[in-house]
Amino acid sequence: MLETCLNYYGIYDNLHFSLSLHQLEQLAFQQHPCGYSYTSSPTFSMSYFEIKNLLNIYQDSNYEQTVHEIFRYAAFFGIITDVVISPFHIEWRFNSYHQRDLFFSKMRLEIREQNKISSCY
């Protein structure tokens, strides 16, 4: 499901960006193995340097901007929730319903694509 979302926005071509989002998705599965659980996860707070090491972002000289974009997309796709981006750190929770939210993100994108195709005819 995440691949469909990444392809739609052209992110799948950016290897480091897509791998970082997949890493966040795997960490969400570690917190909530089924992806459909009612329990909430603890709040994580990390500095940009710690996130850079966590997500293996080594190729980018402006990694802080890259981290911002990764967390914005992860929140948009529903992998994480309650994101707070400050100048010094980022706080977030892993979404306990990340599989459901990814499914609905994928559905929205497929409906958009079908509307584009049907409006051409």
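Look above for the structure.
Fair warning: this is a prediction, and the values are worked out from it, not measured in the lab.

Analysis parameters
- Residues numbered from 1 in each chain as written.
- Predicted model: local features only at pLDDT ≥ 70, side-chain atom pairs only at ≥ 80, totals over all residues.
- Heavy atoms only, no water.
- Core = buried A, V, L, I, M, F, W, Y, C linked by side-chain atoms within 4.5 Å.
- Buried < 20%, exposed > 50% of the residue type's maximum accessible area, 1.4 Å probe, protein only.
- Helix = DSSP H or I, 4+ residues; strand = E, 2+ residues; numbered from the N terminus.
- Contact = heavy atoms within 4.5 Å.
- Salt bridge = Lys/Arg side-chain N within 4 Å of Asp/Glu carboxyl O.

Visitor: Please explain the nonpolar core as it appears in this structure.
Guide: As a rule of thumb, nonpolar side chains are buried together in soluble globular proteins. By size, the foremost hydrophobic cluster in this structure holds 26 residues, and its most contacted members are Leu21, Leu24, Ile70, Phe71 and Ile79. Sorting the residues of this core by element identifies helix H1 (2-8), helix H2 (15-31), helix H3 (48-54), helix H4 (63-77), strand E3 (89-94) and helix H5 (98-120) as the ones contributing at least two each. Broken down by element, this core gets its largest block of residues, six residues, from H4. Not counting chain neighbours up to four residues away, the residues in contact with Ile70 comprise Phe17, Ser20, Leu21, Leu24, Leu55 and Ile57.

Visitor: Would you mind showing me how to read the pattern of salt bridges here?
Guide: A side chain with one charge can pair with a side chain of the opposite charge if their charged atoms come near. Taken as a whole and judged by the stated rule, the model has four salt bridges. Close ionic contact of Arg93 with Asp82 constitutes a salt bridge, the shortest N to O distance being 3.3 Å. One end of the pair, Arg93, is in strand E3; the other, Asp82, is in strand E2 (residues 80-85), and eleven residues separate them in sequence. With a shortest N-O distance of 3.7 Å, Lys106 and Glu110 are connected by a salt bridge. Taken as a pair, Lys106 and Glu110 lie in helix H5 at a separation of four residues, close to a single helical turn. What makes Glu110 partly exposed here is its relative accessible area of 34%.

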